[in-house]
Amino acid sequence: MLVEVLMSSYNGEKYIEKQIESILDQKEVEIKLLVRDDGSTDSTTDILDRKMKDGVLTWFSGGNLKPALSFMDLLKNAPKADYYAFSDQDDIWDLDKMISAVNCLKKYDDIPAYYYCNARLIDQKDEPIGGTVYKQDKNDLNDQSMLQYLCCGGCMGCTMVMNKKLVEIIQQSPMSQKIIMHDNYIQSVCAAIDGKAIYDKQAHMGYRQHANNVVGRKSGLWNALLYRLDFLLSQRSISIADHSDEIMKYYGKYIPDKNKKYLKCVVNYKKKFSDRMKLATSSNIKFDSKLNEGFMRLSLLLGKR
């Protein structure tokens, strides 16, 4: 099976070479690696040039689009493959990350689907720092309502592998410019068109934590509280209403009527208090902690998402 791995790089000179090696070392699958550099000013592009001369990857550069649009640009330009995976520039993959995904996805080749695995938290020296990204007994997000994706997000893009059916639908549709994050957008599209999400509770990668993460986790109670307070006080340039409106506009022909009513509720939630109340009090949205629940429901009620 051919897996096209899509990496967006930006000033990643410290860790990118090690991550490239872990991608190329994947067992039992054929790997092709496509990198889009998002305007690096360090030696990242020199590393990519050297690797391309070695014949192990292809890369191209573009303007600084930031992670969401950079990854979507990669996906829109990706060549044909059996499966597609996103990669950050600073993680380390286990040897079986891709074959584990392929073995789970191959039974769903006739419908849009994606897989995501758990991940160990590691430090700057590749050492585990305790814990995983997801609780190991967490439920498959596809068993929850589509509102979960639209309002609260889903899994991290670096853990995702998508099948050809899902990627073809995305490639054939116009590219949205109103995307909060590429991973949540694709997961929302998949849920809207009645696709499948498959969760693997086993960790098949190390998710690196360091000071220069472009996108990272907010660990510790104090940091988590500060992040949530800042979120509630700031004004977002792109909201879940914008995000959902784009999905309705570009993927409407694939979306069944039963799902369109949820999308319409999210599209209108900033304008209609009744829709904000529906979302803020919905029992179809699940939470893994009281802190997350309080934050999410309040941010929905205030129209801040």
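Student: It is not clear to me how helix H7 (residues 182-192) should be interpreted in this structure. Could you clarify?
Tutor: Across the eleven residues that make up H7, a large majority, eleven, are buried. Looking only at H7, the buried set comprises His-182, Asp-183, Asn-184, Tyr-185, Ile-186, Gln-187, Ser-188, Val-189, Cys-190, Ala-191 and Ala-192. Phi turns positive, to about 65°, at Asp-194, one or two residues after H7.

Student: Is there a simple way to think about helix H3 (residues 66-77) in this case?
Tutor: Along an α-helix, residues three or four apart share an orientation, since each turn contains 3.6 residues. The end-to-end C-alpha separation of H3 is 17 Å, in line with the 16 Å expected for twelve residues at 1.5 Å each. In terms of burial, H3 is a largely internal element, nine of the twelve residues being buried. The set of residues buried in H3 consists of Pro-67, Ala-68, Leu-69, Ser-70, Phe-71, Met-72, Asp-73, Leu-74 and Leu-75.

Student: Got a minute to help me understand the packing of helix H11 (residues 273-280) against helix H12 (residues 290-301) in this structure?
Tutor: Any two packed helices are characterised by how steeply their axes cross, that is the angle between the axes, and by the distance between the axes. For the pair H11 and H12, interaxial distance at closest approach is 8 Å and the crossing angle is 170°. In terms of orientation, H11 and H12 fall into the roughly antiparallel class. Along the contact surface, H11 presents Phe-273, Arg-276, Met-277, Leu-279 and Ala-280, while H12 presents Arg-297, Leu-300 and Leu-301. Residue composition of the contact of H11 with H12, grouped by class: six nonpolar, no polar and two charged.

Student: Mind showing me how you'd approach the pattern of salt bridges here?
Tutor: Side-chain pairing between opposite charges can occur once the charged atoms of the two side chains come close. Throughout the structure, instances matching the rule amount to twelve salt bridges. A salt bridge links Lys-51 to Glu-17; the shortest N-O distance between them is 3.5 Å. Of this pair, Lys-51 sits in helix H2 (residues 44-53) while Glu-17 sits in helix H1 (residues 16-24); the two residues are 34 residues apart in sequence, bridging distant segments of the chain. The exposure class assigned to Glu-17 is partly exposed, which follows from its relative accessible area of 25%. The salt bridge involving Glu-293 is made with Lys-290; its shortest N-O contact spans 4.0 Å. Of this pair, Glu-293 and Lys-290 are both found in helix H12, three residues apart, which corresponds to roughly one turn of the helix. Residue classification places Lys-290 among the exposed positions, given a relative accessible area of 72%. Connected through shared salt-bridge partners, Glu-17, Arg-50 and Lys-51 make up one network.

Student: Looking at this structure, I do not really get the environment of Asp-200. What am I missing?
Tutor: Examined against the element boundaries, Asp-200 turns out to sit in strand E9 (residues 196-208). Classification of Asp-200 as buried rests on a relative accessible area of 13%. In this view, Asp-200 contacts Ser-100, Tyr-115, Tyr-116, Cys-117 and Asn-118; residues no more than four positions away in its chain are not counted. A distance of 2.8 Å separates polar atoms of two side chains, one belonging to Asp-200 and the other to Tyr-115. In this structure the side chain of Asp-200 is engaged in a polar contact, spanning 3.0 Å, whose partner is the backbone nitrogen of Gln-202.

Analysis parameters
Along each chain, the written sequence defines residue order, and numbers are assigned to residues from 1. In view of the model being predicted, local features appear only for residues whose pLDDT reaches at least 70, and side-chain atom pairs are presented and counted only at 80 or more, with totals across whole chains, interfaces and linings using the full set of residues. Note that water and hydrogens are dropped before the side-chain values are worked out from all heavy atoms of the structure. Categorising residues by exposure relies on relative accessible area from a 1.4 Å probe, with only protein chains included: less than 20% of the type maximum marks a residue as buried, more than 50% marks it as exposed, and the intermediate range marks it as partly exposed. Helix and strand assignments follow DSSP, with helices taken as H or I runs no shorter than four residues and strands as E runs no shorter than two, numbered in order from the N terminus. A helix's residues, less one, multiplied by 1.5 Å, set its expected span. Axis geometry follows a simple rule: fit a line to the C-alpha atoms, using only the stretch in contact for helices, then measure angles between N-to-C directions, giving values from 0 to 180 degrees. With respect to orientation, any angle under 35 degrees is reported as roughly parallel, any angle over 145 as roughly antiparallel, any angle of 65 to 115 as roughly perpendicular, and every other angle as oblique. Contacts are residue-level and defined by heavy atoms, with any inter-residue pair within 4.5 Å sufficient. Gly falls in the polar group here, along with every residue not listed as nonpolar (Ala, Val, Leu, Ile, Met, Phe, Trp, Tyr, Cys, Pro) or charged (Asp, Glu, Lys, Arg). When a carboxyl oxygen of Asp or Glu lies within 4 Å of a side-chain nitrogen of Lys or Arg, that pair is called a salt bridge. Any pair of N or O atoms that falls within 3.5 Å is considered a polar contact. Within protein, one atom must be able to donate a hydrogen and the other to accept it, and sequence-neighbouring residues count only if both atoms are side-chain atoms.

Keep in mind these numbers describe shape, not what the thing actually does.
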